[in-house]
Amino acid sequence: MRRLRAEFLASERRICELMETPRMSCRYQSRRDDSGLRERLLSLAREKPRYGYRRLHVLLHRHAPEERINHKRVWRVYRDLGLSVRRTRRKRLTRMLRPKPVLTAPNQEWAIDFASDVAASGRRLRIFSVVDCYTRECLTLEVDTSLPSRRVTRALAGIIETRGAPVAIRSDNGPEMSSRHYLAWCIEKRIDAVHIQPGKPTQNAYVESFHGRLRDECLNVSWFWNLFDARSKIAAWRVEYNCERPHSALGYLTPEEFASRAASPPGVSNITRPALPQGFPDGSAVAVAPAPALTQIRPREEGLI
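What you are looking at is a predicted structure, and each value in this text was computed from that prediction instead of being measured. (Residues numbered from 1 in each chain as written. Predicted model: local features only at pLDDT ≥ 70, side-chain atom pairs only at ≥ 80, totals over all residues. Heavy atoms only, no water.)

A.B. asks: Before we go on, may I ask you to explain the overall build of the protein chain in this structure?
C.D. replies: Looking only at helices and strands, the protein chain features eleven helices and five strands. In the protein chain, the share of contacts with a sequence separation of at least 24, taken over all contacts with a separation of at least 6, comes to 63%. Summed over its atoms, the accessible surface of the protein chain is roughly 18,700 Å², and 51% of this surface lies on carbon and sulfur atoms. (Helix = DSSP H or I, 4+ residues; strand = E, 2+ residues; numbered from the N terminus. Contact = heavy atoms within 4.5 Å. Areas by Shrake-Rupley, 256 points an atom, 1.4 Å probe, with all protein chains shown as cover.)

A.B. asks: What is the right way to look at the environment of Ser35 in this model?
C.D. replies: Inspection of the secondary structure assignment puts Ser35 in helix α4 (residues 35-47). It is 9.6 Å that separates the C-alpha atoms of Ser35 and Val77, two residues lying 42 residues apart in sequence.

A.B. asks: How should the packing of aromatic side chains be read in this particular structure?
C.D. replies: Remark: the centre distance and the inter-plane angle together describe each pair of aromatic rings, the angle taken between the planes. For the coordinates displayed, the defined rule picks out nine aromatic pairs. Between the aromatic rings of Tyr53 and Trp75, the centroid separation amounts to 5.1 Å while the plane-to-plane angle is 50°, which identifies the pairing as tilted. Remark: Trp75 occurs in helix α6 (residues 71-80) and Tyr53 occurs in helix α5 (residues 53-63); sequence separation between them is 22 residues. Relative accessible area serves as the criterion here: at 32%, Trp75 is assigned to the partly exposed category. (Phe/Tyr/Trp six-rings, centres within 6.5 Å; stacked < 30°, edge-to-face > 60°. Buried < 20%, exposed > 50% of the residue type's maximum accessible area, 1.4 Å probe, protein only.)

A.B. asks: Whenever I open this one, the sheet that holds strand β1 (residues 109-118) confuses me. Can you help?
C.D. replies: Picture the strands of a sheet paired through backbone hydrogen bonds; they go either parallel or antiparallel. Taken together, the five strands give an open sheet; going across it, the order is β3-β2-β1-β4-β5, and neighbouring strands pair in mixed fashion. A single partner strand is all that each edge strand has here, and the edge strands are β3 (138-144) and β5 (192-195). Strand-to-strand, the axes of this sheet are offset by a mean angle of 20°, without reference to chain direction. Bridging between β1 and strand β4 (residues 168-171) involves three bridges; their strand directions are parallel. Paired with Trp110 across the strands is Ile169, a residue of β4. Here helix α7 (residues 149-163) sits on the sheet in contact with β1, β2 (124-132), β3 and β4, set at roughly 150° to β3. The strands that helix α10 (residues 227-243) touches are β2 and β3; relative to β3, the one it contacts most, it runs at about 170°. (Pairing = 2+ DSSP bridges. Axes fitted to C-alpha atoms, helices over the stretch in contact; angles between N-to-C directions.)

A.B. asks: When you look at the packing of α4 against α6 in this model, what are you seeing that I'm missing?
C.D. replies: In a packed pair of helices, the relevant descriptors are the angle between the two axes and the axis-to-axis distance. It is at 10 Å that the axes of α4 and α6 come closest, and there the two elements cross at 70°. The angle between the axes of α4 and α6 places the two elements in the roughly perpendicular class. In this structure, the crossing between α4 and α6 has a hand that is right-handed. Listed contacts from α6 to Leu37, Arg38 and Leu41 of α4 are Arg73, Val74, Val77, Tyr78 and Asp80. Among the residues forming the contact of α4 with α6, the class breakdown is five nonpolar, no polar and three charged. (Parallel < 35°, antiparallel > 145°, perpendicular 65-115°, else oblique. Left-handed = near helix turned anticlockwise from the far one by under 90°. Nonpolar A, V, L, I, M, F, W, Y, C, P; charged D, E, K, R; others polar.)

A.B. asks: Got a minute to help me understand the pairing of β1 in this structure?
C.D. replies: For a regular strand, the rule is simple: side chains alternate between the two faces of the sheet. Counting buried positions over the ten residues of β1 gives eight, a clear majority of the element. Linking two consecutive strands that pair antiparallel, namely β1 and β2, is a turn of five residues; a positive phi of about 90° is found at Gly122 within it.

A.B. asks: What should I look at first to understand the pairing of β2 in this one?
C.D. replies: The buried fraction of β2 is high, at seven of nine residues. For β1 and β2, the ladder comprises nine bridges, and the chain directions are antiparallel. Across the sheet, the residue bridging to Ala115 is Ile127, located in β2. The sheet contact formed by β2 and β3 spans six bridges and is antiparallel. Bridged to Ser129 within β3 is Leu141.

Structure below.
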């Protein structure tokens, strides 16, 4: 408006008539004060630099439930402060894949996998994670320099003691998950060991997505002095992930809140447990299938996975 008045030497009334704009709109000055919201948003963004505006909005509402803050207002202030998290997404071809499993209760399927990192001393660290595919809970994060198959089954057995056994465990074809010890343990516990096809990590998408959050929010922003420091910090992040971090796939509830709403008796599932192999009715003896057969899609899995 000022530029038009200076350039054409016309009055405000004349310019508003030509532009069909109310004169009050030209004189309007905003009275809103976002200073308090800006300070709180900056404080939360410094604590959680990899959180987007929706998760920060959930945290704001959690800290001050009596104050109603519109998510569009949070987005406007979040954008003005330059807090947007930049993520580079790879372009992927659209392929026809098998339908995703329909899960209706906890303990129907667990997903397991390994992540790695390096301590300040240069020592290599391995992290074994277990995720419940229905509630998105992280059931354990085992950190050590070496995690053989016996350590894997020991960690899984510890979860089963408190939570109950799952119907199936989905994993890749790594040496820990295709060893004779792991396969025998699964048969003994009456757990279906589901192995994805080689070179297709998207078939184990739940744990791959969890590892993305683990690396983005914990491993990449933490400095581990040694193994014990790594165990302490990763364990603290696991508690935060399960109890405090809003999960977008769960309607921005935490995994613990979602699990409490979908609570069911431990070990109970709507899916029938797979029967033991013929000749081993009591589970006392163990039959181990050859490793190459694990990479094939078995017809019995279609109703389970």
